[in-house]
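# Structure at a glance
Chain by chain, the residues run as shown.
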Amino acid sequence: DESGNFRQPDKALHTNVSKLIPPKHHDLLQLQSALTIQYPHFKHHFLSSGLFQPSKNPYPDMPLNNEEAEAADDAKNTLLRAHRQMIRLRKMDTILHNAQRQGRISFYMTHHGEEAIHMGSASALCPQDVIFAQYREAGLLMWRGFTLEQFCNQCFSNDHDLGKGRQMPIHYGCRALNYQTVSSPLGTQITQAVGAAYKFKLDAMNNKEKEAAISIVYFGEGAASTIDFHSACNFAATLKTPMIFFCRNNGYAISTPVEDQYAGDGIISRAPGYGMAGIRVDGNDVFAVHAAVAEARKLALETSAPVMIEAMTYRQGHHSTSDDSSKYRDMDEVQTAQDVTDPLLRMDKFLRHYGWMDDEAVASIEDEERAAVLRAMEAAEARPGPKLDTMFTDVYHEKPPHLVHQEMELRQHLKRYDIVYH
């Protein structure tokens, strides 16, 4: 909740065991054990949650400055990684947003206030699960291993950009990490996710030994008004495809508030109408999001059917760098979200409650992540753009005559006017 404590059902046993946890040793399993005593009602969650399970090997994006046992344990600590990545994402957002304002990149969208959705759901998925994102889910890609350098290369459209400069900034994609490339038109990814899930279903029927996988599609409550949403839900429920529909209800579809979008009870109330299971969750609670996605994934595979999740959150930033949200919402509303329901603030309070964080530790992480983003951005900005010939490749296996002709015309134009392409 807003104080960093787990919500308690009425009359539930509450035992204060925070003193049982050594503040200087970040032992995840010890914390897990203590929490099961303090909050017995949530024992199953603590024992099954991936956030309370250490990694077998050090996470490559966690600092390992020395070989001391405590430092090595921290590099395997899933909960500390979730906290650090929430900070990393926020620092990346702030710096790249400012870079757009300085004219260094053309466009950007921040994720302020929605970080718990990213880390909570990404940590509950498996690497083989395919992600279809809308455009405000960079944290999922970050969790899977996409580096700050790769994020910056994409935003600066340089020669190291995996998309070869063909997409506008924040339209990330990575085949190796099973993260489908972002597409600007709203809702197109929703139907595509159904197709991927249907393929997984057929694969499971034909090969019982193959690793089980689902598709998960993310979209805002505004995109739920598109025909793609209806078509996708109907097909998924009818074909019984193993997948998750994940709605980020952040209060606004650009400038349109939820009260002007629908008259019903949000998006989740539509799930029964399609004949699918659904759950609404506090999207600012990383533990609740993780639990919901983990259970939804399990149910989707066990029943070979879709599950819908609606995560209630709040978009603290502008819709994009092309937007000024002060024109359509009260800034006091934004300030309240930053002061009360902010997901990073909640996570920080939770870790401080058990002695895992203090002002000095948080400041150190923030400084490290800010410096890492600046290094990545400066390196990406210094690189050249993609080679000219990449403009005409990758769509066809063999370049057709009309593209050969277009490429010839372009090169002649550049030569005629002595234009040097960088």
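In the block above lies the structure referred to throughout.
Residues numbered from 1 in each chain as written. Predicted model: local features only at pLDDT ≥ 70, side-chain atom pairs only at ≥ 80, totals over all residues. Heavy atoms only, no water.

## Digging into empty space enclosed by the protein
In this approach, a probe sized like a water molecule rolls over the atoms, and the result shows the empty space that is left. Counted by the stated rule, this structure contains one cavity of 30 Å³ or more. Computed from the structure, the largest cavity encloses a volume of approximately 130 Å³. At the level of elements, α11 (286–303) and α13 (343–353) are the ones that each hand at least two residues to the lining of the largest cavity. Broken down by element, the lining of the largest cavity gets its largest block of residues, four residues, from α13. Across the lining of the largest cavity, the residue classes break down as eight nonpolar, three polar and three charged. (1 Å grid on protein atoms, 1.4 Å probe; cavity = no way out; pocket = protein on both sides within 12 Å on 5 of 7 lines; lining within 4 Å. Points joined across faces, edges and corners; volume = space filled by probe spheres on them. Helix = DSSP H or I, 4+ residues; strand = E, 2+ residues; numbered from the N terminus. Nonpolar A, V, L, I, M, F, W, Y, C, P; charged D, E, K, R; others polar.)

## Points about the sheet that holds strand β2 (residues 179–180)
Read from one edge of the open sheet, six strands run β2-β1-β3-β4-β8-β7, paired in parallel fashion. Every interior strand has two partners, whereas the edge strands, β2 and β7 (277–282), have only one. When strand β1 (residues 130–132) meets strand β3 (residues 215–220), the two strands line up parallel, connected through three bridges. Among the inter-strand pairings, F132 is bridged to a residue of β3, identified as V217. The strands that helix α5 (residues 115–122) touches are β3, β4 (243–249) and β8 (307–312); relative to β4, the one it contacts most, it runs at about 165 degrees. (Pairing = 2+ DSSP bridges. Contact = heavy atoms within 4.5 Å. Axes fitted to C-alpha atoms, helices over the stretch in contact; angles between N-to-C directions.)

## Concerning the packing of helix α4 (residues 78–101) against helix α7 (residues 148–155)
At a minimum axis separation of 12 Å, α4 and α7 run at an interaxial angle of 25 degrees. With respect to α7, the element α4 is oriented roughly parallel. In this structure, α4 crosses over α7, and the sense of that crossing is right-handed. Taking contact as the criterion, the partners of R88, M92 and L96 in α4 are, on α7, L148, F151, C152 and C155. Here the residues of the contact of α4 with α7 are counted per class, giving six nonpolar, no polar and one charged. (Parallel < 35°, antiparallel > 145°, perpendicular 65-115°, else oblique. Left-handed = near helix turned anticlockwise from the far one by under 90°.)

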